[in-house]
Amino acid sequence: MISYLWQVALHSGTMGLILYIWVHRVGLPSGRTRQHLLGLLLVLPMGTAAVPWRSSVEFGERVAWLNSARLLAIPLPFGDGDIRVSHFVALGGILTILLTVWQEIVPGLRHVLQSTGPSDEPPPDDLVTAARSRVGWQQCAVRVTDDTSVEVVTTGRPGRSRLVVSRGALAALSAEELDAVLSHEHAHWQQGRWWRTHLLFVIRLLQSYNPVALWAFREYCIEDEIACDAAAVAGRDPRLLARVLLRVYQTTDGQDLAARSALRKRVDVILDGGPVDASAPPLVLPAVSLVMLMVLPWLV
């Protein structure tokens, strides 16, 4: 099992480095192609690392292009040769797991503990009507919290969606801005986005030791938010949603650098005209998949 986990990390790191260089070399903008490449980076290494004929000693010594066992056995220039690259790699995996706990579990618990809970008053009728008028949200549950922050989120599962709106959002947003935000949240439930995101989140948790997987999933989620932003501003002034995101930025904890960076990127993409889905040739994804399937199994 440990060998397989390392192989996944090796393939993920190799593929991630190649894609990172290529994406920045060609200047691939935010859009569907970039998002699909990030999803591929999360999924493909788990398959290439499981190819059965790669596990033999003969393959690693005579056939493979790279035998990572030799790299892992290299002694580091301290500790009298007792500390090897493998110890450094293991330490990196442990630190990445701790980072996952700090970035995902702790903020989630803090949000639950600091939540003010639902308001005693029922949600406004116009908010309920606006939410349930959208496709697939006819049975959407709507509630309002006493939180003063500008926050509108959807939770639940397919067929059981729930819309949560803070009183701060109701007080701060105009009717047009609130409608744009509702359109953004509704877009998360369209075109299979809910299923893909949650499936990739499970894959990400299985690779919680792998820093490349954690980075790829974070970037995937940002691209997903950008895609939903594009759906929300379609047919309306994009500055409506940009203003809302800037208000959310102002209420975000200054120490939450990742969230603030994601909000800045979303605003920039919106004001620049949205994601460019047609910027890459249509065969990029199958071509990248084919190349990686030809390269990664030969790295052990």
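None of the values given here were measured: they were computed from a predicted structure. (Residues numbered from 1 in each chain as written. Predicted model: local features only at pLDDT ≥ 70, side-chain atom pairs only at ≥ 80, totals over all residues. Heavy atoms only, no water.)

Novice: Can you walk me through the nonpolar core in this structure?
Specialist: What tends to happen in soluble globular proteins is that the nonpolar side chains get buried as a cluster. With 27 residues, the main nonpolar core has Leu127, Val142, Val152, Leu163, Leu173 and Leu241 as its most contacted residues. Elements with a minimum of two residues in this core: helix H6 (125-132), strand E1 (141-145), strand E3 (160-166), helix H8 (175-187), helix H10 (211-233), helix H11 (239-251) and helix H12 (257-271). Looking at this core element by element, the count peaks at four residues for H11. Excluding residues within four positions of it along the chain, leucine 173 makes contact with Val150, Leu178, Val181, Val244 and Arg247. Listed in part, the 22 residues of the second largest apolar core include Leu10, Val23, Ile203 and Phe217. (Core = buried A, V, L, I, M, F, W, Y, C linked by side-chain atoms within 4.5 Å. Buried < 20%, exposed > 50% of the residue type's maximum accessible area, 1.4 Å probe, protein only. Helix = DSSP H or I, 4+ residues; strand = E, 2+ residues; numbered from the N terminus. Contact = heavy atoms within 4.5 Å.)

Novice: What is the right way to read the packing of aromatic side chains from this model?
Specialist: The relative placement of two aromatic rings is captured by the distance of their centres and the angle of their planes. Considering all chains together, one arrives at four aromatic pairs under this definition. A ring pair is formed by phenylalanine 201 and phenylalanine 217, whose centres lie 5.6 Å apart and whose planes are at 50°; its orientation type is tilted. Note that phenylalanine 201 is positioned in helix H9 (residues 193-206) and phenylalanine 217 in helix H10, a separation of 16 residues in sequence. Taking relative accessible area as the criterion, phenylalanine 201 reaches 29% and is therefore assigned partly exposed. Classification of phenylalanine 217 as buried rests on a relative accessible area of 8%. Aromatic ring contacts, followed pair by pair, group Trp189, Trp194 and Trp195 into a single cluster. (Phe/Tyr/Trp six-rings, centres within 6.5 Å; stacked < 30°, edge-to-face > 60°.)

Novice: How should the sheet that holds strand E2 (residues 152-157) be read in this particular structure?
Specialist: Remark on secondary structure: sheet strands pair via backbone hydrogen bonds, oriented parallel or antiparallel. With mixed pairing, the three strands of this open sheet are ordered in space as E1-E3-E2. The open sheet has two edge strands, E1 and E2, and neither has a second partner. With direction set aside, neighbouring strand axes in the sheet form an average angle of 25°. Two strands pair when backbone bridges link them, and E2 and E3 are joined in this way by six bridges, in the antiparallel orientation. Among the inter-strand pairings, glycine 156 is bridged to a residue of E3, identified as serine 161. The strands touched by H8 within the sheet are E2 and E3, with E2 carrying the most contacts at an inclination of about 30°. (Pairing = 2+ DSSP bridges. Axes fitted to C-alpha atoms, helices over the stretch in contact; angles between N-to-C directions.)

Novice: Explain the pattern of salt bridges here, please?
Specialist: Where charged atoms from two side chains of opposite charge approach closely, those side chains can pair. On inspection of all chains with the given rule, the structure shows 13 salt bridges. Linking arginine 239 and aspartate 237 is a salt bridge whose minimum nitrogen-to-oxygen distance equals 3.1 Å. Within this structure, Arg34, Arg218, Glu219, Glu223 and Lys265 form a network of salt bridges that share partners. (Salt bridge = Lys/Arg side-chain N within 4 Å of Asp/Glu carboxyl O.)

Novice: Can you help me understand the confidence of the model for the protein in this one?
Specialist: Close reading of the predicted structure is inappropriate where its pLDDT is low. A residue-level look at the protein finds 92% of positions with pLDDT of 70 or above and a mean pLDDT of 86. By mean pLDDT, the top-scoring element of the protein is H10 (94), and the lowest-scoring one is helix H3 (residues 57-63) (72). (pLDDT = per-residue confidence, 0-100.)

Novice: Explain the pairing of E3 to me, please; I cannot follow it from the model alone.
Specialist: Each regular strand displays side chains that alternate between the two surfaces of the sheet. Most of E3 is tucked away: five of the seven residues are buried. In this sheet, E3 lies alongside E1 in parallel orientation, the contact comprising five bridges. The partner of arginine 143 across the bridge, within E3, is valine 164.

Novice: Please explain helix H1 (residues 2-26) as it appears in this structure.
Specialist: Residues spaced three or four apart along an α-helix point in a common direction, a consequence of the helix completing one turn every 3.6 residues. If you check H1, its first and last C-alpha atoms are 36 Å apart, about what 25 residues at 1.5 Å a residue would give, namely 36 Å. Turning to H1, its buried residues are Gln7, Val8, Ala9, Leu10, His11, Ser12, Met15, Gly16, Leu19 and Val23. Buried positions along H1 lie against helix H2 (32-48), helix H4 (68-72), H10 and helix H13 (284-295). Trailing H1 by a residue or two, glycine 27 shows a phi angle of about 70°, which is positive. (Expected span 1.5 Å × (residues − 1).)

Novice: Help me out: how do you make sense of the side chain of serine 30 in this one?
Specialist: Mapping serine 30 onto the fold places it in the loop between H1 and H2. There is a polar contact of 3.1 Å between the side chain of serine 30 and the side chain of glutamate 223. (Polar contact = N/O pair within 3.5 Å; in protein donor to acceptor, adjacent residues only side chain to side chain.)

Novice: Looking at this structure, how should I read a nonpolar patch on the surface?
Specialist: Together, Ile97, Leu99, Val101, Trp102, Ile105, Val106 and Leu109 give the surface a local cluster of nonpolar side chains, amounting to about 610 Å² of exposed area. You can see leucine 109 is positioned in helix H5 (residues 85-114). (Patch = residues over 30% accessible without salt bridge, like charges linked within 9 Å, V, L, I, M, F, W, Y side chains within 5 Å. Areas by Shrake-Rupley, 256 points an atom, 1.4 Å probe, with all protein chains shown as cover.)

Novice: Would you mind going over the packing of H10 against H12 with me for this structure?
Specialist: Axes are the key here: two packed helices are described by the angle between their axes and the distance separating the axes. For the pair H10 and H12, interaxial distance at closest approach is 10 Å and the crossing angle is 40°. Overall, the two elements H10 and H12 adopt an arrangement that is oblique. Of the two elements, H10 crosses H12, and the hand of that crossing is right-handed. In this structure, H10 contributes Arg218, Glu219, Ile222, Glu223, Glu225, Ile226 and Asp229 to the contact, and H12 contributes Ala258, Ser261, Ala262, Lys265, Arg266, Val269 and Ile270. Residues belonging to the contact of H10 with H12 are distributed by class as follows: six nonpolar, one polar and seven charged. (Parallel < 35°, antiparallel > 145°, perpendicular 65-115°, else oblique. Left-handed = near helix turned anticlockwise from the far one by under 90°. Nonpolar A, V, L, I, M, F, W, Y, C, P; charged D, E, K, R; others polar.)

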